[in-house]
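In case you want the letters, here they are:
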Amino acid sequence: MDRPVTDLSVTPNVLQADILRHLTFTVGKDAPHASLHDWRMALSHAIRDRIVEPWFASTKRTWAEDRKRVYYLSMEFLIGRILEDATINLGLYDQAAEAMAAVGQDLRAVIGDEPDAALGNGGLGRLAACFMESMATLGCPAYGYGIRYEHGLFRQQFEAGRQVETPENWLAQEHPWEFARPESAYTIGFKGHVETRDGRDIWHPAETVIAEAHDTPVVGWQGKWANTLRLWGAKSTGQFDLERFNRGDYTAAAEPETLARTLSRVLYPDDTTYQGKELRLKQEFLLTSAALQDILRRYLANHSDLKALPRYVAIQMNDTHPAIAGPELIRLLQDAHGVPFDEALTIARACLGYTNHTLLPEALEKWATFTFGNVLPRHMQIVEKIDSWHRRAYPNRPHYVGIVKHQEVRMGELAFIMSHKVNGVSALHSDLVKQNLFPELHRLHPGRIVNQTNGVTPRRWLRMANKPLAGLITDTIGAGWEADLDRLKELEPHVEDASFRAVFAAAKRVNKVEMSNWAGAEMGIQISPDALFDVQIKRIHEYKRQLLNILETIAHWNKLRANPKGPWVPRVKVFGGKAAPGYAVAKEIIRLINDVAVVINADPVTSDLLKIIYPPNYNVSMAERVIPAADLSEQISTAGKEASGTGNMKFMMNGAPTIGTLDGANVEILQEVGADNFFLFGLTAAEVSKRREDPDHSKKAIEASQPLQDVLQMIAEGRFNPEEPERYHGLVHRVWHHDYFLVAADFDAYHAAQAEVDKAYADPDRWWRMAALNTARSGFFSSDRTIRSYMDEIWQASSAL
Ligand SMILES: *Cc1c(COP(=O)(O)O)cnc(C)c1O
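Residues numbered from 1 in each chain as written. Predicted model: local features only at pLDDT ≥ 70, side-chain atom pairs only at ≥ 80, totals over all residues. Heavy atoms only, no water.

In terms of helices and strands, the protein chain carries 33 helices and 24 strands. In terms of C-alpha radius of gyration, the protein chain reaches 27 Å, essentially the compact-globule figure of 28 Å for 801 residues. Each principal axis of the C-alpha atoms in the protein chain carries an extent, and together these give about 90 × 70 × 65 Å. Relative to its full complement of 801 residues, the protein chain shows a buried share of 61%. The long-range share in the protein chain, meaning contacts at least 24 apart out of those at least 6 apart in sequence, stands at 78%. When the accessible surface of the protein chain is totalled, it reaches about 29400 Å², and 52% of it is carbon and sulfur. (Helix = DSSP H or I, 4+ residues; strand = E, 2+ residues; numbered from the N terminus. Rg over C-alpha atoms; globule rule 2.2 N^0.38 Å. Buried < 20%, exposed > 50% of the residue type's maximum accessible area, 1.4 Å probe, protein only. Contact = heavy atoms within 4.5 Å. Areas by Shrake-Rupley, 256 points an atom, 1.4 Å probe, with all protein chains shown as cover.)

Encoded structure:
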């Protein structure tokens, strides 16, 4: 569609007038007394005004053309900041910078004042946010449905190296991007009993809450289309008890409200471990039931034939968290609209798709039938009906396959059986989903499992986060690559050009200088922008092997100390990431990294050669700052454990070669970029399984590696924590004797690969060729490619543009 993209009438003067008008009439301040926060509100409202127009137009078009809509159900949306992203997508960044300068404000400071919307843990939630942006860019009519947590992911601080969590409070200030929709509210029931009357089942919930909608528009590249992120807040159905209040019983009067609000109060701070908590199940049902009621209301506003629902509605379940969607949709169709069970099941399955995100057994959701049946008694009946229908429909189904087994409801099986398509998130992961996770269901339903390799939005992760590189790309290949990332291939011929490589390196250096200044200001640690920035930022988890990285860092330090005058490449080791509050082993790794950093950073012998920084509270904004400054991307998970990774893609786009294992989307990164431009090491997924069969694998690996023995010995002796030398005895013992994640087995290969990195970095021609080729070959990892593929292969949805 050829509509005007950037509205040229929005000059800096026009925008400035809008900002001042909002400062006066929305914020209620005059310019001399306005704080940074006030200016941010004024600018945000001025920008938001410009989104509302394409938002209305998109909604109207979708209604007028009676288009199929995609509904993305996710317990997490890790959005980050909105203002800069929206400004850039509207093409108003330069105008905004000028307008703010004209009122004496620095746009970057104003942008930096916005708190991150941290409604997610990590990759899964960030994927949902990238998908929302890509669906808007592609003009795919879509709604994201999630929960409006009052407190997003906790804030991380370090006290003497230990992680301390404090509550995150993103709604403490006014949130200018959302529109409350109290008229879009649904009753959500829990518990109670099911009555059968005249052959119909009627659920009488014992508890009810109201789910109330809060809408945030999500605008795509160049403002051509905007979709809605609809987040549900929970509130009480009960009337405020004025009588009690007047009797002075204030707390009791507020009790129902407090209880209801608990449901949307906090985000569970862990997406790698299944939480068997009733509150979690209630949150999942709140999201899912509200979304489905909303979807059916919208559908029935201009349709009456529920059998045609799948032609107009595609519902994607982001992991099993919303897997109750299968039974809930059947319940609504059957109990509220009189559709017979078999027909309701067919309709539901044709609408639903399920994305699997993990093979980690501890992350697979299962609910005790007691809990499930207690919280959702009607759904328990429906789940059993689905299960027996499936057993009848597939009589050769092995007895151990099914949804309800050993008094548990298995949400993976439920999601699988209730979906017409199931997808993994990288080629390797999708294969493992077929072979290891659902082998029997895959055999019964061949063709149902498909692959959709993840992607990230290049608008946020390249154009916005890395303006020096984005500018260079536009100067080199012209405008428009942001929405057609395969065009980055056009950079390839330039990579052979030494002057192009020099500009590429200079762009990286700008980012590294900025990051050095930030590290100096935030942490008081001086790092040199001439050093190699070696970065591992992601959630702290044993399978991601931050431990391998810090052990190798110590081995590297030993090498430096043995020969401080050697031809070493100076390095800055950057760590970032949060551990789930209850994950003791991950917290121990954090403490070890911080302890090691204190000792190494204080060593005068190596002070020009090695520094370790671990800035606290890793979040989207920190990723946007650090990834563009990275030289080396650490993607070193135990093969077979990382479903895809998306951090790996952000680094690649930003010109940082990967040091990594053959895991997740690393496999495809390696394929795209070529083995010469990737530092591959370590056991493959198949070799990992095989190695584990040897109960002495770690002991043997350690005994064969002098550098690793030395490192473990130093830690065991308390070299990094003389005040409490035995602090890491447990950790060292586990590496020697358990080491499920094969840190020891991969140590030597990793150490050697790091030496290769040094060699490559010492040769600038080679290095910058590699770095630039990483950017040039990253087009495949745009989430636009991913979304197009979902639209074709799962949703059967088309672009309205
Ligand atoms: C991209 C991203 C992630 C995912 O990183 P992985 O390395 O793929 O685990 C997690 N957190 C934030 C803030 C991100 O931006």
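Overall, mixed pairing links the nine strands, which are arranged β7-β10-β11-β4-β1-β12-β13-β17-β18 in an open sheet. Each edge of the open sheet is held by one strand with a lone partner, namely β7 (179-190) and β18 (449-451). Averaged over all adjacent pairs, the angle separating strand axes in this sheet is 25°, with direction ignored. Both strand β13 (residues 352-355) and strand β17 (residues 421-424) contribute to a ladder of three bridges, which runs parallel. The partner of Tyr-354 across the bridge, within β17, is Val-422. Each of β12 (313-318) and β13 touches helix α12 (residues 341-351); the most contacted strand, β13, lies at about 50° to it. (Pairing = 2+ DSSP bridges. Axes fitted to C-alpha atoms, helices over the stretch in contact; angles between N-to-C directions.)

Now for helix α30 (residues 729-737). Restricting attention to buried positions, one finds in α30 the residues Leu-731, Val-732 and Val-735. The buried residues of α30 occupy one face: seen down the axis, they fall within an arc of 95°. Buried residues in α30 make contact with α22 (546-562), α23 (584-601), α28 (697-703) and α29 (706-716). (Arc of directions from axis to C-beta.)

Further remarks concern the site of the ligand. Neighbouring the ligand are 13 residues, the closest being Lys-538, Lys-544, Thr-646, Gly-647 and Lys-650. Contact distances for the ligand include 2.7 Å between an oxygen atom and a side-chain N or O atom of Lys-544. Only α24 (620-626) and α25 (647-653) provide two or more residues apiece to the shell around the ligand. Class assignment for the residues of the shell around the ligand results in four nonpolar, six polar and three charged. (Near = heavy atom within 4 Å. Polar contact = N/O pair within 3.5 Å; in protein donor to acceptor, adjacent residues only side chain to side chain. Nonpolar A, V, L, I, M, F, W, Y, C, P; charged D, E, K, R; others polar.)

Here we come to the pattern of salt bridges. Opposite charge on two side chains permits pairing when their charged atoms draw close. Applying the stated criterion across every chain, the model contains 56 salt bridges. Where Asp-765 meets Arg-501, a salt bridge forms, and the shortest distance between an N and an O atom there is 3.4 Å. Of the two residues, Asp-765 sits in helix α32 (residues 764-776) while Arg-501 sits in helix α21 (residues 498-523), which places them 264 residues apart along the sequence. Take Arg-501: its relative accessible area is 7%, and that puts it in the buried class. Notably, a salt bridge pairs Glu-723 with Arg-727, separated by 3.3 Å at the nearest N-O pair. Classification of Glu-723 by relative accessible area gives exposed; the value is 58%. Among the charged side chains, a network of salt bridges with common partners joins Arg-181, Asp-215, Arg-230, Asp-294, Arg-297 and Arg-298. (Salt bridge = Lys/Arg side-chain N within 4 Å of Asp/Glu carboxyl O.)

One finds Met-135, Ile-315, Ile-386 and Trp-795 to be the most contacted residues of the largest nonpolar core, which totals 250 residues. Looking at this core, the element that brings in the most residues is helix α9 (residues 278-300), giving ten residues. Excluding residues within four positions of it along the chain, Trp-795 makes contact with Lys-68, Val-70, Tyr-72, Met-135, Ala-314, Gln-316, Ile-787 and Tyr-790. The next biggest cluster of nonpolar side chains, apart from the first, holds six residues, and it includes Ala-639, Ala-685, Val-688 and Leu-742. (Core = buried A, V, L, I, M, F, W, Y, C linked by side-chain atoms within 4.5 Å.)

Of the volumes computed, that of the largest pocket is approximately 1200 Å³. Taken together, 41 residues form the lining of the largest pocket, with Arg-81, Gly-112, Ser-621, Met-622 and Arg-625 sitting closest to its centre. A total of seven residues in the lining of the largest pocket trace back to one element, the largest contributor, which is α21. When its residues are assigned to classes, the lining of the largest pocket shows 19 nonpolar, eight polar and 14 charged. (1 Å grid on protein atoms, 1.4 Å probe; cavity = no way out; pocket = protein on both sides within 12 Å on 5 of 7 lines; lining within 4 Å. Points joined across faces, edges and corners; volume = space filled by probe spheres on them.)

The interhelical angle for the contact between helix α19 (residues 467-477) and α21, taken along N-to-C directions, is 155°, at an axis separation of 8 Å. With respect to α21, the axis of α19 lies roughly antiparallel. Across the interface between the two elements, Pro-468, Leu-469, Leu-472 and Thr-476 from α19 touch Phe-500, Val-503, Phe-504, Ala-507, Val-510 and Asn-511 from α21. Across the contact of α19 with α21, the residue classes break down as eight nonpolar, two polar and no charged. (Parallel < 35°, antiparallel > 145°, perpendicular 65-115°, else oblique.)

Turning our eyes to something else, we now look at the UniProt feature "modified residue: N6-(pyridoxal phosphate)lysine" (unreviewed entry) in the protein chain. Residues given the UniProt feature "modified residue: N6-(pyridoxal phosphate)lysine" (unreviewed entry) here are Lys-650. By the secondary structure assignment, Lys-650 is in helix α25. Once residues within four sequence positions are removed from consideration, Lys-650 is found in contact with Arg-126, Val-456, Trp-461 and Ile-627. (UniProt positions renumbered as here; feature names shortened; annotations may be inferred.)

Moving on: the side chain of Gln-283. Within the fold, Gln-283 resides in helix α9. Beyond its immediate chain neighbours, meaning those up to four positions away, Gln-283 contacts Met-75, Ile-147, Tyr-149, Thr-262, Leu-263, Val-266 and Tyr-268.

Looking at the element boundaries, Ala-206 is found in the loop between β9 (200-204) and β10 (207-219). Owing to a relative accessible area of 61%, Ala-206 belongs among the exposed residues under this scheme. Apart from residues no more than four positions distant in its own chain, Ala-206 is found in contact with Phe-190, Lys-191 and Gly-192.

Another aspect to go through is the sheet that holds strand β19 (residues 532-537). The strand order β21-β20-β19-β22-β23-β24 describes an open sheet built from six strands, whose pairing is parallel. One side of each edge strand has no neighbouring strand; the edge strands of this open sheet are β21 (610-613) and β24 (679-680). Sheet strands in contact with α23 are β20 (571-576) and β21, and its direction is about 145° off that of β21.

Phi is positive for Ala-160, which is not a glycine, with a value near 50°. The topology assignment puts Ala-160 in the loop between β5 (155-159) and β6 (162-166). Its identity is not glycine, yet Asp-739 carries a phi of approximately 50°, on the positive side. Looking at the secondary structure, you find Asp-739 in the loop between α30 and α31 (743-761). You can call Asp-739 buried: its relative accessible area is 8%.

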